[in-house]
Amino acid sequence: MNSTPAARSRAMLPLCIFVAVFFGGGLYHYAQGTEFAFYQIKAPVAALPAMIVAVLLARGTLEERILPFLRGVGDINIATMCMVFLLAGAFSKVTGAIGGVDATVALGLKLLPASFLLPGLFLVSGFIATAMGTSMGTVAAIAPVAVGISQGSDISLALCIGAVVGGAMFGDNLSMISDTTIAATRTQGCNMRDKLLFNIRIALPAAIVTLLVLTLMGQGGETASRELDNPILVLPYLLVLGLAVSGINVMVVLMSGIVVSTILGMLMANYSLGQAGNDIYAGFESMVEIMILSMFIGGLSKMMTEGGGKAWLTQTARKLLSRGGRLSQRACEFGIAGLVSICNLFTANNTVAILASGDVARDLSKEAGVDPRRSASLLDIFSCVVQGVIPWGAQILLAGSISGLSPLTIAGSVHYVWILAVVALLAIVTGFPKINKPLKVETTI
C-alpha cells in the first residue's frame with residue numbers, strides 16, 4: 001500500500017459524521033431542557049455511525065476494509081494510552097476511598113489565611129486536580145466547600161465557583177495522569193515530564209496573574225476549615241507527582257501510587273485488600289468510556305489516513321496557514337490552537353478534541369519545525385481554555401448544578417482560562433518559551 005495516499009476530502013466524512021451526531025444530539029437535548037445535554041449521547045456511541053461510513057467508503061473486500069480499523073485500534077500508542085487510563089482511574093479511586101481527597105482539602109483549607117480564601121480555593125483545586133488528574137472530580141470535591149465559604153463571607157458565589165473551576169482546569173492541564181495530558185503527549189511523541197516542564201512555563205504565569213486578580217477581588221472572607229484527621233493520606237498524591245516529574249515511566253508511577261495508597265489505607269483507614277481490589281476495578285470501569293473512545297478514534301484515524309482524509313486536511317490547513325508556500329512556526333501554532341479549539345467547541349470534551357486533531361497537529365508541526373513538547377502543550381492548553389468557558393462543558397455544568405448558578409454566570413467568572421488564553425496567544429506571537437534541550441522523540445500514533 002502507498003505510504004502517502006492521495007488526498008481525498010470524502011475520507012473526512014466519518015469524522016464529520018461523528019461531530020454531527022455528538023453535537024447534534026447535544027443541541028437536541030439542550031432544546032428539550034435535558035440536564036447535561038451534551039453528555040446524553042456517549043462519544044463511543046456517536047463514533048459507531050462514523051465507523052460504518054468509514055468502512056463503506058473504503059475499497060476492497062469487507063475484510064480488507066475493516067483491517068485498517070483494527071490496525072489503528074491495535075496501535076502501540078493506543079494500547080499504551082488505554083493502560084495509562086486504566087491505572088489512572090484505579091489510582092484515583094483507591095486514593096479517594098482511603099480519604100486522600102478529604103485530607104488534601106482539609107489540609108489546604110487549614111493552611112489558608114482568611115484574606116486568602118479566594119485564591120486559596122484556586123490553589124487547593126489546582127493541587128487536587130494535578131494529583132487526581134481530573135477536573136470533574138476536583139469540581140465535585142471542592143465546589144461544595146466554595147458554596148460554604150461564600151455563604152459565610154461577603155465573597156460572591158460566582159467568584160468562589162469560578163476560582164474552583166479555574167483551579168481545576170489549571171491542575172488538570174498540568175497533571176501527569178490527566179487523560180488530556182496522556183492524549184496530547186502520545187499523539188505528539190513526547191513524554192509527560194517534558195511536556196509538563198514546558199507547559200508549566202505558560203500555565204504558571206497565567207496562574208500567578210489569576211492569583212493576583214482573585215486576591216484583589218476577594219474581600220470579607222473568614223477562615224474556613226475541615227477536620228483534619230490523617231494528613232499523611234496526602235502522601236500518595238505527592239509521591240505520584242514527584243515520581244512523575246523525576247521522569248519514571250508513568251505506568252510504574254501509577255502502580256506505585258496504587259500500592260502506597262492501599263498500604264496507607266490498611267494502616268490508617270481500616271481499608272482491606274478486598275476493598276482495594278473492588279476500588280481498583282471500579283477505577284477501571286470509570287475509564288471504560290474514554291478507553292473505548294480512544295480505540296475507536298485510533299481505528300477511525302487509521303482508516304481516514306489510509307483513505308487520504310488526513311492528507312487532505314493537512315494540505316487544506318497548510319494552504320490556509322502558509323504564506324508564499326511556506327508554513328511558518330507561528331502560523332502552524334495558531335493553526336493547532338484553532339483546530340483543537342474548534343474540535344472542543346463542537347464535542348465539549350477536551351480529550352476527544354485532542355484525539356481528533358492530534359494527527360494533523362503532529363504533521364503540521366513536523367513541517368514547520370515545531371517541537372513536539374510545544375505542540376502537545378498547545379493542544380492541551382487550548383482545549384483546556386475552550387472546555388473551561390463553554391456553558392455546555394461538563395465542568396461548568398457540574399459546578400452550576402452544585403451551586404445553583406447559571407452556567408453562563410460561571411463561564412464569565414472562570415478568570416484563569418481567560419487569562420491563560422491571553423498568555424498562550426502571547427507565547428505563540430513571541431515564541432516563548434525558547435527550547436534549547438533537544439527532544440528524544442517517542443513513537444507516535
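Because the structure is a prediction, the values reported are computed rather than measured.

Draft legend 1. Representation of the overall build of the chain. A count of helices and strands for the chain gives 21 helices and 0 strands. For 445 residues, the compact-globule estimate of 2.2 N^0.38 gives 22 Å, and the C-alpha radius of gyration of the chain, at 22 Å, lies within 12% of that figure. Principal-axis analysis of the C-alpha atoms gives the chain an extent of 65 × 55 × 50 Å. Looking at the 445 residues of the chain, the share that counts as buried comes to 54%. In the chain, 82% of the contacts between residues at least 6 apart in sequence involve partners at least 24 apart.

Draft legend 2. Summary view of the environment of Asn-249. Its location among the elements puts Asn-249 in the loop between α11 (235–245) and α12 (250–268). Measuring from C-alpha to C-alpha, the distance between Asn-249 and Ala-361 comes to 25 Å, with 112 residues separating the pair along the chain.

Draft legend 3. Structural view of empty space enclosed by the protein. Under the defined criterion, the tally for this structure stands at 1 cavity of 30 Å³ or more. Along the walls of the largest cavity sit 19 residues, with Ser-301, Met-304, Leu-355, Ala-356 and Asp-359 positioned nearest its centre. Only α14 (288–306), α15 (309–321) and α17 (350–368) provide two or more residues apiece to the lining of the largest cavity. Per-element tally for the lining of the largest cavity: the top contributor is α14, with 7 residues. By residue class, the composition of the lining of the largest cavity is 11 nonpolar, 6 polar and 2 charged.

Draft legend 4. Up close: the packing of aromatic side chains. Within this structure, the stated rule accounts for 5 aromatic pairs. Ring centres 5.5 Å apart and planes at 55° place the aromatic pair Phe-122 and Tyr-416 in the tilted group. Here Tyr-416 lies in helix α21 (residues 415–430) and Phe-122 lies in helix α6 (residues 117–132), a separation of 294 residues in the sequence. With a centroid separation of 5.4 Å and an interplanar angle of 70°, the aromatic rings of Phe-170 and Tyr-416 are classed as edge-to-face. Placement of the pair is Phe-170 in helix α8 (residues 157–174) and Tyr-416 in helix α21, with a sequence separation of 246 residues.

Draft legend 5. Representation of the pattern of salt bridges in the model. Taken as a whole, this structure holds 7 salt bridges when the rule is applied. Here Lys-195 ties to Asp-380 by a salt bridge, and the two come within 2.6 Å at their closest N and O atoms. Of this pair, Lys-195 sits in helix α10 (residues 192–217) while Asp-380 is found in helix α18 (residues 372–387), placing the two residues 185 residues apart along the sequence. The exposure classification of Lys-195 matches that of Asp-380, with both residues buried. Across the salt bridge formed by Asp-371 and Arg-373, the nearest N and O atoms sit 2.9 Å from each other. Exposure remark for Arg-373: the relative accessible area of 7% places this residue in the buried category.

Draft legend 6. Layout of the packing of helix α4 (residues 76–97) against α12. Closest axis-to-axis distance for the α4/α12 pair is 9 Å, and the angle between their directions is 20°. One finds that α4 runs roughly parallel with respect to α12. Here the hand of the crossing between α4 and α12 comes out left-handed. Facing α4, whose interface residues are Thr-80, Met-83, Val-84, Leu-87, Ala-88, Ala-90, Phe-91, Val-94 and Thr-95, α12 presents Val-250, Met-251, Leu-254, Met-255, Gly-257, Ile-258, Ser-261 and Thr-262. Residue composition of the contact of α4 with α12, by class: 12 nonpolar, 5 polar and no charged.

Draft legend 7. The nonpolar core, seen in detail. Within the largest apolar cluster, 121 residues are counted, with the highest numbers of intra-cluster contacts made by Phe-18, Val-165 and Tyr-416. Filtering out sequence-adjacent residues up to four positions away, Tyr-416 remains in contact with Phe-122, Gly-166, Met-169, Phe-170, Asn-173, Ala-203, Ala-206, Ala-207 and Thr-210.

Draft legend 8. Layout of the environment of Phe-69. Mapped onto the secondary structure, Phe-69 falls in helix α3 (residues 62–73). For the pair Phe-69 and Ser-403, spaced 334 residues apart in the sequence, the C-alpha separation amounts to 43 Å. If we skip the residues at most four places from it in the chain, Phe-69 touches Met-51, Phe-296, Gly-299, Leu-300 and Met-303.

Each value, and the rule that gives it
Residues numbered from 1 in each chain as written. Predicted model: local features only at pLDDT ≥ 70, side-chain atom pairs only at ≥ 80, totals over all residues. Heavy atoms only, no water. Helix = DSSP H or I, 4+ residues; strand = E, 2+ residues; numbered from the N terminus. Rg over C-alpha atoms; globule rule 2.2 N^0.38 Å. Buried < 20%, exposed > 50% of the residue type's maximum accessible area, 1.4 Å probe, protein only. Contact = heavy atoms within 4.5 Å. 1 Å grid on protein atoms, 1.4 Å probe; cavity = no way out; pocket = protein on both sides within 12 Å on 5 of 7 lines; lining within 4 Å. Points joined across faces, edges and corners; volume = space filled by probe spheres on them. Nonpolar A, V, L, I, M, F, W, Y, C, P; charged D, E, K, R; others polar. Phe/Tyr/Trp six-rings, centres within 6.5 Å; stacked < 30°, edge-to-face > 60°. Salt bridge = Lys/Arg side-chain N within 4 Å of Asp/Glu carboxyl O. Axes fitted to C-alpha atoms, helices over the stretch in contact; angles between N-to-C directions. Parallel < 35°, antiparallel > 145°, perpendicular 65-115°, else oblique. Left-handed = near helix turned anticlockwise from the far one by under 90°. Core = buried A, V, L, I, M, F, W, Y, C linked by side-chain atoms within 4.5 Å.

What is shown is where atoms sit, not what they do.
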